[in-house]
Amino acid sequence: MSGQQIHASDVMEEMIEIKKHEALKHPKEQLPEPKSFVQTLKRHLKENILLVMTVIAVGLGVSLGLYLRANTNFTPPTKKYFGVPGELFLRALKFLILPLVSTSLITGIAGLGLQKTGKVAARAFIFYFSSTFMAVVIGLILVTTIRPGYLSKGAVTINKESFEKQHVNTADTFIDLLRNLIPENMIQMTFQLYQTRLEPHYKNITISDNMNDTYSNQSSITRNKTVQIIDYYDQKPSSREGLDVLGLVLFCITFGAMLAQIGERGMVMVHFLEILNEVSIKIIRIVMWVSPLGIMSLVCVAVLEMEDPVAVFKSISYYMMTVFIGLGIQVLDLVY
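Since we're looking at a predicted model, the values are computed, not measured.

Rules used in this analysis
Residues numbered from 1 in each chain as written. Predicted model: local features only at pLDDT ≥ 70, side-chain atom pairs only at ≥ 80, totals over all residues. Heavy atoms only, no water. Helix = DSSP H or I, 4+ residues; strand = E, 2+ residues; numbered from the N terminus. Expected span 1.5 Å × (residues − 1). Buried < 20%, exposed > 50% of the residue type's maximum accessible area, 1.4 Å probe, protein only. Salt bridge = Lys/Arg side-chain N within 4 Å of Asp/Glu carboxyl O. Axes fitted to C-alpha atoms, helices over the stretch in contact; angles between N-to-C directions. Parallel < 35°, antiparallel > 145°, perpendicular 65-115°, else oblique. Left-handed = near helix turned anticlockwise from the far one by under 90°. Contact = heavy atoms within 4.5 Å. Nonpolar A, V, L, I, M, F, W, Y, C, P; charged D, E, K, R; others polar. 1 Å grid on protein atoms, 1.4 Å probe; cavity = no way out; pocket = protein on both sides within 12 Å on 5 of 7 lines; lining within 4 Å. Points joined across faces, edges and corners; volume = space filled by probe spheres on them. Core = buried A, V, L, I, M, F, W, Y, C linked by side-chain atoms within 4.5 Å. Phe/Tyr/Trp six-rings, centres within 6.5 Å; stacked < 30°, edge-to-face > 60°.

Novice: Is there a simple way to think about helix α11 (residues 291–304) in this case?
Specialist: Over its 14 residues, α11 runs 20 Å from end to end, which matches the ideal 20 Å to within 8%, given 1.5 Å per residue. Of the positions making up α11, those classed as buried are S291, P292, G294, S297, C300, V301, V303 and L304.

Novice: It is not clear to me how the pattern of salt bridges should be interpreted in this structure. Could you clarify?
Specialist: Where side chains of opposite charge bring their charged atoms close, a pairing between them can arise. Per the counting criterion, the structure on display carries four salt bridges. With its nearest N and O atoms 3.5 Å apart, the salt bridge here joins K80 to E305. Here K80, found in the loop between α4 (76–79) and α5 (84–146), pairs with E305, found in the loop between α11 and α12 (309–335); they are 225 residues apart in sequence, far enough to count as distant. E199 is paired through a salt bridge with R197; the nearest N and O atoms lie 2.7 Å apart.

Novice: Whenever I open this one, the packing of helix α8 (residues 170–181) against helix α9 (residues 245–262) confuses me. Can you help?
Specialist: For any two helices packed against each other, one specifies the crossing angle of their axes together with the interaxial distance. Relative orientation of the contacting elements α8 and α9 amounts to 40°, with a least axis distance of 7 Å. Relative to α9, α8 is oriented oblique. Here α8 and α9 pass one another in a crossing that is right-handed. Across the interface between the two elements, L177, N180 and L181 from α8 touch L246, G247 and L250 from α9. A per-class count over the contact of α8 with α9 returns four nonpolar, two polar and no charged.

Novice: I'm lost on the layout of surface pockets in this one. Help?
Specialist: Where empty space is left in the structure can be found by rolling a water-sized probe over the atoms. Of the volumes computed, that of the largest pocket is approximately 540 Å³. Lining the largest pocket are 15 residues, with A121, A124, F125, V249 and I253 sitting closest to its centre. Contributing elements (two or more residues each) for the lining of the largest pocket: α5 and α9. For the lining of the largest pocket, the element with the highest residue contribution is α5, accounting for 10 residues. Residues belonging to the lining of the largest pocket are distributed by class as follows: 14 nonpolar, one polar and no charged. Within this model, the second largest pocket holds a volume of roughly 360 Å³. T173, D176, Q195, T196 and R240 are the residues nearest the centre of the second largest pocket, which is lined by 20 residues in total. Mapped onto the lining of the second largest pocket, the elements with two or more residues apiece are α8, β1 (192–211), β2 (221–241) and α9. Looking at which element gives the most residues to the lining of the second largest pocket, the answer is β1, with six residues. Class assignment of the residues belonging to the lining of the second largest pocket gives a composition of eight nonpolar, seven polar and five charged.

Novice: Even after reading the chapter, I still don't get the environment of L248, so can you show me in this structure?
Specialist: As for its placement among the helices and strands, L248 is situated in helix α9. The contacts of L248, once residues within four sequence positions are left out, are L98, V101, S102, M189 and L243.

Novice: Explain the nonpolar core here, please?
Specialist: One recurring pattern in soluble globular proteins: nonpolar side chains tend to sit buried together. In this structure, I106, A110, M189, L248, C252, L259, M267, V270 and L273 together form the largest nonpolar core, which totals nine residues. Mapped onto this core, the elements with two or more residues apiece are α5, α9 and α10 (267–288). When near neighbours in sequence (up to four residues on either side) are disregarded, C252 contacts S102, L105 and I106.

Novice: When you look at the environment of P76 in this model, what are you seeing that I'm missing?
Specialist: By secondary structure assignment, the location of P76 is in helix α4. Judged by relative accessible area, which is 56%, P76 ranks as exposed. With 229 residues separating them along the chain, P76 and E305 place their C-alpha atoms 7.4 Å apart.

Novice: Honestly, the packing of aromatic side chains in this entry has me stumped. Any pointers?
Specialist: The final tally for this structure, using the stated rule, is two aromatic pairs. Between F74 and F82, the aromatic rings sit 5.5 Å apart at their centres with planes inclined by 50°, giving tilted as the arrangement. Judged by relative accessible area, which is 28%, F82 ranks as partly exposed.

Structural data, given as structure tokens:
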């Protein structure tokens, strides 16, 4: 071995170049272009068969939910059984998020190296923040002009008591993001997030209460009583269930960057994570083929548990119209 240090990113680039040369030597056979409209339609349906099955599943879920509402009288606990396949589907997706995200980030950063990673990250952040700012501005303009919530007023009943009991501070919310960015425990970040809980701190005040006394010569009697009022809200450490995505992304980026600096020894770990990533992708593909059944189950149980489906669909239609208009405007801005 020479005295020059070999980085994992350099080895990854050589492997990519070798794969490109092999692909050029053995090109894949391209299927002939279909000539008729029917052949073109069949080809597109075959390529997007999962999307077609998902759309059909949504329609079947709505139809099944409406049919069961009209012809059955299930109790609320019994209705939840129709959502079991959808719940299992969501649990499988959540289970695979951690290995998929972590392995893809680490191998990607290790393959690019620190210099290229910095350039890609800078472009990604610029695009992310600019597109997010544009989306916020477009969303505010559309919401204030179309007013989908006012158009669907009275369609959905909102429990205001649950919102009144929640006290949220903007500064604490921002600081919680920073705390989640650097978690205390690597294992804990896979199922818990830090969250500040605001508890009221009371103080006693004395107020005077004048009361008329009809049994004595005095016209009134002054009595002092002590009451408690909220002085301020104290921050208490708490947690909620969920995956700490910010902490996971920061750890994977740092781990991948340091892995690229180790050199040739780090290729063992890179190969292992690449295999784990490929296995995770294959498992997700299998799970996605079950997605039509899960989506149909979720839609069916949602329709069953609606109090007034017509009012809910009316409310959702205004919201969907606003979203589609906003997406169309943002796509046109990004294209042109």
